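Residues per chain are reported as follows:
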Amino acid sequence: MKIHIFNPEHDIALGAGSDRFTAPHAACRLRADLGFLPALWAEDGDYVLVDDVETAEIASRHMGNLMHRVRFVTPNRLATLSVDDGNTAILPWGWDMALCRRLTACNPDLACFMPDEVVISHIRMLSNRRFAAEKLLPQLIDGDDRLIGQSRYLRDVDEVWQATRGDECVLKAPWSSSGRGIRYVLHDEKHPEESYRTYLQGWIRNVIRRQGGVMLEPLYRKVKDLGAEFTAGADGKIRFEGLSVFKTVNGSYTGNVLASEADKRTMIGRYIDLALLDYNVKHIMQILGPYFKGVYAGPFGVDMMIVTDEHNGRFLLHPCVELNLRQTMGHAALAVSSQIHDSYRIMNVCYNGKYRLCIRKTARL
């Protein structure tokens, strides 16, 4: 028995670091409206935990044959499920203490299928942007002038503030979700006002107080977002699942390209040497395997971007913008792409009073 869960508040819950975390309203709304999402990658007969079965069934019907034949269950129904010690797996969007507490409250028998507090603390550490910035990114760059990427973890408010007075930069909370923990420091006519600087100082101070520090990164001239999607085994072995080509605006996810691997490679190959990309995918697996062994098993993704070199106009690869130690929209796009063969499409999350998953045809990109 497999139980899938869409908990989009996961990254914010990790930042809070407490099992008493209360999700913000927007995250609760997203979970309520898109709780059916795991039916895209689940297997026929699996369970998917949702807030309301009727809402999930209506939403999933709009996706047609892209959805698997899953069984939607509410928390009340979950409480009555009889679990089998040898054949039960819980597969959430991401693991955190708040989710563990929520599931245990529904059905105490599920506790033995969840990671304990020690494992969750390791997952939290690995999900901190500081880990990718200090342990993964420097090894990937490794002196290759076709690669670019810097990220610093700063603990002191004054140090962060002084660092923002130079070049344009990006500030990031160590844990955040969908652009909500990202601030851009731009030196132009739109951002000179004292009120903006006062707001930014307050934001920096609050992030450091809550999460211990702030990530400081240069503002790169991005031309394309991409990512590599993986699955980690309990033994530390990592399997590459495929590439993700997506779009973000101010750090917030806006949509994925649905296309074959060959077509995605063609898109990316217009800018960079694909051999460089392939090498970095393998390097990521080699570096992360020992960190994950005995700690994390499941899907994860590494977001990258292609940027313009301001000195000579060539394109460079940033091999690790962030590490997402959870299910991703890139994995969802891979699941959908495997069932679509007739044209390019775009998958995104739309909002018009409620959240919807939208898939539309588009011209070749």
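Below, the structure is looked at part by part. (Residues numbered from 1 in each chain as written. Predicted model: local features only at pLDDT ≥ 70, side-chain atom pairs only at ≥ 80, totals over all residues. Heavy atoms only, no water.)

Quick notes on the sheet that holds strand β3 (residues 71-73)
Strand pairing in a sheet is mediated by backbone hydrogen bonds. Such pairs are either parallel or antiparallel.
Working step 1: Overall, parallel pairing links the four strands, which are arranged β3-β2-β1-β4 in an open sheet. Single-partner strands in this sheet number two, and they are β3 and β4 (89-92). Neighbour-to-neighbour, the strand axes of this sheet turn through a mean angle of 25°, independent of strand direction.
Working step 2: Of the pairings in the sheet, the one linking strand β2 (residues 47-49) to β3 comprises three bridges and is parallel in character. When the sheet's bridge partners are listed, L49 is paired in β3 with V73.
Working step 3: Lying over the sheet, helix α5 (residues 97-106) contacts β1 (2-5), β2 and β4, oriented at roughly 125° with respect to β1. (Pairing = 2+ DSSP bridges. Helix = DSSP H or I, 4+ residues; strand = E, 2+ residues; numbered from the N terminus. Axes fitted to C-alpha atoms, helices over the stretch in contact; angles between N-to-C directions. Contact = heavy atoms within 4.5 Å.)

What about the pairing of strand β15 (residues 355-361)?
Working step 1: Relative to β15, strand β14 (residues 345-351) is paired through seven bridges, and the arrangement is antiparallel. Within β15, the residue paired with Y351 across the bridge is Y355.
Working step 2: Linking two consecutive strands that pair antiparallel, namely β14 and β15, is a turn of three residues; a positive phi of about 90° is found at G353 within it.

What to know about the state of the cysteines
Working step 1: Going through the model one piece at a time under the given rule, you end up with one disulfide.
Working step 2: At a sulfur-sulfur separation of 2.3 Å, the disulfide partner of C350 is C358.
Working step 3: For C358, a relative accessible area of 15% corresponds to the buried category.
Working step 4: In this model C100 remains outside any disulfide bridge; the closest cysteine sulfur is found in C112, 12 Å from its own.
Working step 5: Residue class for C100 comes out buried when judged on its relative accessible area of 7%.
Working step 6: Unpaired in this structure, C320 has its nearest cysteine sulfur neighbour in C169, at a distance of 19 Å.
Working step 7: On the basis of relative accessibility, which here comes to 3%, the residue C320 falls in the buried class. (Disulfide = S-S within 2.5 Å. Buried < 20%, exposed > 50% of the residue type's maximum accessible area, 1.4 Å probe, protein only.)

Focus: the sheet that holds strand β5 (residues 152-154)
Working step 1: In space, the four strands of this open sheet follow the order β5-β8-β6-β7, with antiparallel pairing throughout. At either end of the open sheet lies a strand with only one pairing partner, and these are β5 and β7 (182-185). Here the average twist between neighbouring strands, direction ignored, is 25°.
Working step 2: One ladder, built from four bridges, connects strand β6 (residues 169-172) with strand β8 (residues 214-218); its direction is antiparallel. When the sheet's bridge partners are listed, L171 is paired in β8 with L216.

Remarks on the packing of helix α7 (residues 129-141) against helix α11 (residues 274-292)
Working step 1: Two elements in contact, α7 and α11, have axes whose closest approach is 10 Å; the angle formed by their N-to-C orientations is 135°. Viewed along their axes, α7 and α11 adopt a mutual orientation that is oblique. α7 and α11 meet at a crossing whose hand is right-handed. Counted together, F131, K135, L136, Q139 and L140 of α7 and N280, H283, I284, I287, L288 and Y291 of α11 form the full contact between these two elements.
Working step 2: Looking at the contact of α7 with α11, its residues break down into seven nonpolar, three polar and one charged. (Parallel < 35°, antiparallel > 145°, perpendicular 65-115°, else oblique. Left-handed = near helix turned anticlockwise from the far one by under 90°. Nonpolar A, V, L, I, M, F, W, Y, C, P; charged D, E, K, R; others polar.)

Structural notes on the pairing of β14
Working step 1: Of the strand pairs in this sheet, strand β11 (residues 252-258) and β14 are connected by three bridges, and their pairing is antiparallel. Residue pairing for β14: L258 is matched across the bridge by R345.

Quick look at the pattern of salt bridges
Working step 1: On inspection of all chains with the given rule, the structure shows 17 salt bridges.
Working step 2: Residue E322 pairs with R129 through a salt bridge whose shortest N-O separation is 2.9 Å. With E322 in strand β13 (residues 315-324) and R129 in helix α7, this residue pair connects regions lying 193 residues apart in the sequence.
Working step 3: What makes E322 buried here is its relative accessible area of 16%.
Working step 4: Looking at R129, the relative accessible area reads 11%, which means it is buried.
Working step 5: When the shortest N-O distance is used, the salt bridge between R146 and D273 registers 3.6 Å. Taken together, the residues R146 in the loop between α7 and β5 and D273 in the loop between α10 (261-269) and α11 connect sequence positions 127 residues apart.
Working step 6: Among the ionic contacts, a cluster of salt bridges with common partners joins D144, R146 and D273. (Salt bridge = Lys/Arg side-chain N within 4 Å of Asp/Glu carboxyl O.)

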